Amino acid sequence: MSDKDTIIRWLERVERRIRANRLFQELTLGLTLFLTFPLALKIWDLFYPLRGRTITIVVGVWMVSFAAYFVWRLLQKETLGQAAASVDRRAGLHDEIKTALWFIYNPRASEWVDAQLQRAARSTRALDPERLFPRSVPRTFYIAAAMILVFVALNFVPLPWNHNWLTLQAAPAFSLTDKEEAALKQAVELLQKAEKLQKTELAERIEDIVQQLQQGKIDASQAAEMLNDVQSKLDEGNLDLGSINDGLEEIAKDLQSSDLTKPTADAMMQKQLDLAADELRKLAEKLSQNTPEANKDLQKSLQQASENPRPGLEELLKQLKEAAEALKNQDQKNAQDSLDSAAQELNKLEDQMQAQQLKNLASEQLQTLEQSLRQRQQNSQGKSQQQRGQQQKSQPGEKGKAGEKGEAQGGQPQAGQPGQDEPGDDERVPGENGEPQGGSQQGSGLNPSGQRGGNAPREGAPTELDVKLQQEKLAGMEDKGAKPEDIEEASKQERSKLDYRNVKSELSPAQKDLLNQDQIPWEYRPLIKNYFQAIRPPVKK
Amino acid sequence: MSTAIDQQVETFQEQFKRVRDEVGKVIVGYGEIIDGVIMSLLASGHVLLEGVPGLGKTKLVSTLSDVMRLKFSRIQFTPDLMPADITGTNVVQEDALGEKFLEFQPGPIFSNILLADEVNRATPKTQSALLEAMEERSVTVGKRTHKLDSPFFVLATQNPLEMEGTYPLPEAQLDRFFVKLKVDYPTIDSMHTIMNRTTKIKEPEVNRVLGQGEVLEMRKTVRAVPIARPVQDYAIRITLATHPQPPYAQPLTMKYVRYGSSPRGAQALVIGGKIRALLNNRVHVSCEDIRAVAFGALRHRILLNFEGEAERVDTDTVIKGILENTAEPS
C-alpha cells in the first residue's frame, strides 16, 4: 500500500470515529435541549392539566422536530480535510496530515513532497484513531438521562390530578364536579336498571355524551342539549302514573265487591301488582271450584272493574272484560285464560311502573346535570364577556373603574380544575358569579310590597327577560307537530278539542315535581306579579 | 530518496546550530534575535535591528560576520554621509602613459555582510542609496551597474529614542527589510554573563563555521521546502488582514492602520515559516510556523494612522489581534 493510500484509509477511519463521537455528543446535547420542553410541559401539567389533544399535538411536534434534528445531524459528514485538521490538532502534528492530504489531492513531482508524504504516512501508522479520539460519554448524556428519569417520575407522582402520559392518560377536556359525577352515576345506574326492564340504550348514550364532553369533542352547552334530548327520549311513552294509580284504585274498589277478587283488590290497593297478579292466577285456577253464585258475583265484579277507562290500563280492562263475558257465558276456559292474561298485564304494568319510577329518578339526575352544565357554560361565557368588558374599560380614561364588584365576576371553575366553585351553590352571594347585584344603580328598585326601598330587590330591564322567554318558548316548541300559534289561539278561544290527558307534556316528571314545589318566597310574589303585569302585551281596545 | 532529504534537513539544522552557538559565545541572551538574523540571512533578506544604544546590536552583526567566512563592511550613518560614501564612486586615475581615466572605486556596500549602523541618522538621499542594492543586489554608478557578491546581507540598526536629527526610514525602504527585530534590554542573568565575558582580559573568540558556499546551499534548501496551499492561504489571509480595507480587514486594523503589508510581507511569512519548519525537523510548513515569524515579518510593514499614533498603539498589538482572529484552514 502506498503512502497516499495509507493516509487516505487512515483518515477515513478517523473521520468515522470523529463522526460517531460527534453524533453521540450532539444527539445527547440535542436530547437534553429537547427534553426540557416535555419536562416543562409535564410540570405545567401538574398545575394546569393539559388535554390529550394538546399533549398529542405538542409531543407529536416535539418528536418530529427531534427526528428532523437527528436526521440532519446524521447526514452531516466530516470531510477528510476536517479529519486531518482534527488529527493535527489532537496529535500535535503541526499540519503534517493536512499538508499531506493537500499534496495527495494536488500531486507534485518533488522529492520534498514525497518525503513529506512518507513522513505523514509514518505518523499515521504510529497513531491509533481509537486512542486519539476515544469514545467518551458526554456530560449531556447524564443530564439527558436524569431528565428522562425526572420526566418518568413526574408521570407517577401520586396526585389525584396528575395524569400519566406514559399510559396515554390526559386531562379530560371538560371535568365534571363531584356533584355532577354523582348525579351522572346515579342517573346511569337508574337507567341501567330501567333498561333491564325496557331494553333501551339510553345509559350508554349518556356515557357516550359525557365521554365526548370530557374529550372536548363537544362543549358544555352541546352536552346539555344532548342530555336534554336524552331526557326527551326518556319522556317518550311515559306512563301517567297518577292516572294509572287512580285507575287501579277504582278497579280495586270494584273488585272488592266480590269475595273471590277481594285478595286481588287488596293487593292492588296496596300497589302490589305482582301479588295481585298471583291472586288472579289463583282465582283462575280455582275457577271451576266456585259456586255459580260466586262466579256470578265475580262476573259482576269484573264487569264493573272493566268499566273504568283509563289511559295505560286498556289491555287490563279488556282482559277483565273478556273474563267477565266468559263467565257470563259460563265459558270457564276462556275466563281462566282472560284472568291469566289480566295477571300478566298486571305483572307487565308493575314492571312498567317500576321502570317509569326509575326513569323519573334518572331524569331528575339528568336534569340536575344538564342545569349544572348550562350554568357552567353561561358562567364561562359571562366570564369571557367580563374580560372583554374589562379590556374595554382599561382604555385610556376608563382605568380604575373596573374594580367594582358585583358585575358578573367570574369565579367559575376552569375546565379541568376539580372541586372548585360548583354551579348551583346555594351559598352564592348576590353580585358574585355573574348574578345581578342588589343595590346596583340600574333597575327600578321595588321592594316585595311593590314600593321603592333602599335594600329591596331590584327589577331588571323587562325587555331582556321578555326576549329570553320568547326564545325559550320558540325553542321548546320546535319540531313538535302543531305550530305554537295554533295551540295558543285554540286555547285563547276556548275551542281546544284536545283531551287534556292526551296533551303531551313537554315537562319531565321531575320537572313537573319541581313546578309543583312552591319555591317562590312570599315576599317576592307581589314583585313577580307586578313584573309580569308590566311586561304583559297591551290589550287591544 | 527521502533519506537524502532527511540528510539535507539534518545538515541544515546542524549548520544553523553551529552558527547560533558560535554567535552565542559572544552575544548573551538574545537567542531569538540571533535566530532571526540567521534566518534572514538564509532567506536572502535583510534585517532591521531596533534598540537603544549599548544593547550589542553592532556586536551581534560583527560577531556574525566573524562566524561566517564572509566579507564584512560597516557604515556608520551620519547626516553628512553621502550616497557615494556607500556605493563607491569613479575616481580619475592616470595610467603609465599619463592618460587619465575614470576608475570605479567600490564602496563599503561591496561586501557580503553590511552593517548599516544607525541607518536613520543619514539623509533620505543617502538611505535611498541602499534601496537598489538591497533589492536588486546591484549598484549603478554613472552608466555602469555593478553586481554585488552573493550573499549580500544588510543589517541596519536604529535607535528608537534619539529622534532629533534623524530621518525615519521611508516606507519603501522599510519594506525591503525581511524582518524588523526589536532588541530589548537583557535580563539580569544575561547581564551577569555579559559582565563576566566582557570585563576580563581575554574576551571570547569565535570560530568561522560557515562559508559562502554553505550559506548559498542552505538558502537553496530553504526554498525547496514545500508548503501546502491551505497554509499558504493562511499566510496570505494574515497579510491581507493587515490592510484596513475589506474583505479581510479586522476591527483593529480598520481602526488603527493606514497601510498594511505588501506582498513582501507574505513572502517573508512563507520563507520564514520554511526555515522554522526545517529547524523543527519538518519538511512542510505549518500554520504555527507562519504565526511564529509573523511579528518580525509584519511589524515594520504596517503603518499606523493618526489615531493609532495618538493612542501609541504598537504594531505588535495589531498583529496579535490579527493572528487571534484569523482562523486556521480546516
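Here, every reference points to the structure presented above.
The sections below set out a description of the structure shown in this document. As the structure is a computational prediction, the values presented were derived from the model and not from experiment.

Regarding the overall build of chain A
Move 1: In terms of regular secondary structure, chain A is built from 20 helices and zero strands.
Move 2: Residue burial in chain A is summarised as follows: out of 541 residues, 27% are buried.
Move 3: When contacts within chain A are restricted to residue pairs at least 6 apart in sequence, long-range pairs at least 24 apart make up 69% of them.

Things to note about the interface of chain A and chain B
Move 1: Counting residues at the interface gives 20 residues for chain A, matched by 17 residues for chain B.
Move 2: Within the residue set of the side of chain A that touches chain B, elements represented by two or more residues are α3 (80-91), α4 (96-105) and α5 (111-126) of chain A.
Move 3: Across the side of chain A that touches chain B, the residue classes break down as six nonpolar, eight polar and six charged.

Description of the sheet that holds strand β3 (residues 72-76) of chain B
Backbone hydrogen bonds hold the strands of a sheet together, and the pairing may be parallel or antiparallel.
Residues and elements named next belong to chain B.
Move 1: Read from one edge of the open sheet, five strands run β3-β6-β9-β1-β10, paired in parallel fashion. A single partner strand is all that each edge strand has here, and the edge strands are β3 and β10 (179-182). The mean angle between the axes of side-by-side strands here comes to 20 degrees, regardless of whether they run parallel or antiparallel.
Move 2: Pairing of strand β6 (residues 113-117) with strand β9 (residues 153-158), which is carried by four bridges, proceeds in the parallel orientation. Among the inter-strand pairings, L115 is bridged to a residue of β9, identified as L155.

Considering the nonpolar core
As a rule of thumb, nonpolar side chains are buried together in soluble globular proteins.
Move 1: By size, the foremost hydrophobic cluster in this structure holds 112 residues, and its most contacted members are I7 of chain A together with V37, V47, A116, L155, L269 and I290 of chain B.
Move 2: Counting 31 residues, the second-largest nonpolar core is a separate cluster that includes A252, A276, A335 and A343 of chain A.

What to know about the packing of α3 of chain A against α4 of chain A
Residues and elements named next belong to chain A.
Move 1: It is the contact of α3 with α4, at a shortest axis distance of 7 Å, that shows an interaxial angle of 150 degrees. Considered as vectors, α3 and α4 are oriented roughly antiparallel to each other. Contacts between α3 and α4 involve L80, G81, A84, A85, V87 and D88 from the first element and E96, I97, K98 and L101 from the second.
Move 2: Taken together, the residues of the contact of α3 with α4 sort by class into six nonpolar, one polar and three charged.

Here's the deal with the environment of G81 of chain A
Move 1: Tracing the sequence through the fold places G81 of chain A in helix α3.
Move 2: For the pair G81 of chain A and T99 of chain A, spaced 18 residues apart in sequence, the C-alpha separation works out to 9.4 Å.

Some words on the pairing of strand β7 (residues 138-141) of chain B
Residue and element names in this part refer to chain B.
Move 1: Strand direction decides the pairing type here: β7 and strand β8 (residues 144-147), joined by four bridges, are antiparallel. Paired with V141 across the bridge in β8 is R144.
Move 2: Counted between consecutive antiparallel strands, the loop separating β7 from β8 contains two residues, among which G142 sits at a positive phi close to 65 degrees.

Things to note about helix α14 (residues 315-325) of chain B
Residue and element names in this part refer to chain B.
Move 1: T315, V318, I319 and I322 are the residues of α14 that are buried. One side of α14 carries all its buried residues, which in axial view fall inside an arc of 95 degrees.
Move 2: Where α14 is buried, its residues touch α9 (229-241), α10 (251-256), β12 (257-259), α12 (287-298) and β13 (303-304).

The rules behind these values
- Residues numbered from 1 in each chain as written.
- Chains lettered and ligands numbered in written order.
- Predicted model: local features only at pLDDT ≥ 70, side-chain atom pairs only at ≥ 80, totals over all residues.
- Helix = DSSP H or I, 4+ residues; strand = E, 2+ residues; numbered from the N terminus.
- Buried ≥ 20, exposed ≤ 12 C-beta atoms within 10 Å, placed from the backbone.
- Contact = placed C-beta atoms within 7 Å.
- Nonpolar A, V, L, I, M, F, W, Y, C, P; charged D, E, K, R; others polar.
- Pairing = 2+ DSSP bridges.
- Axes fitted to C-alpha atoms, helices over the stretch in contact; angles between N-to-C directions.
- Core = buried A, V, L, I, M, F, W, Y, C linked by C-beta atoms within 7 Å.
- Parallel < 35°, antiparallel > 145°, perpendicular 65-115°, else oblique.
- Arc of directions from axis to C-beta.

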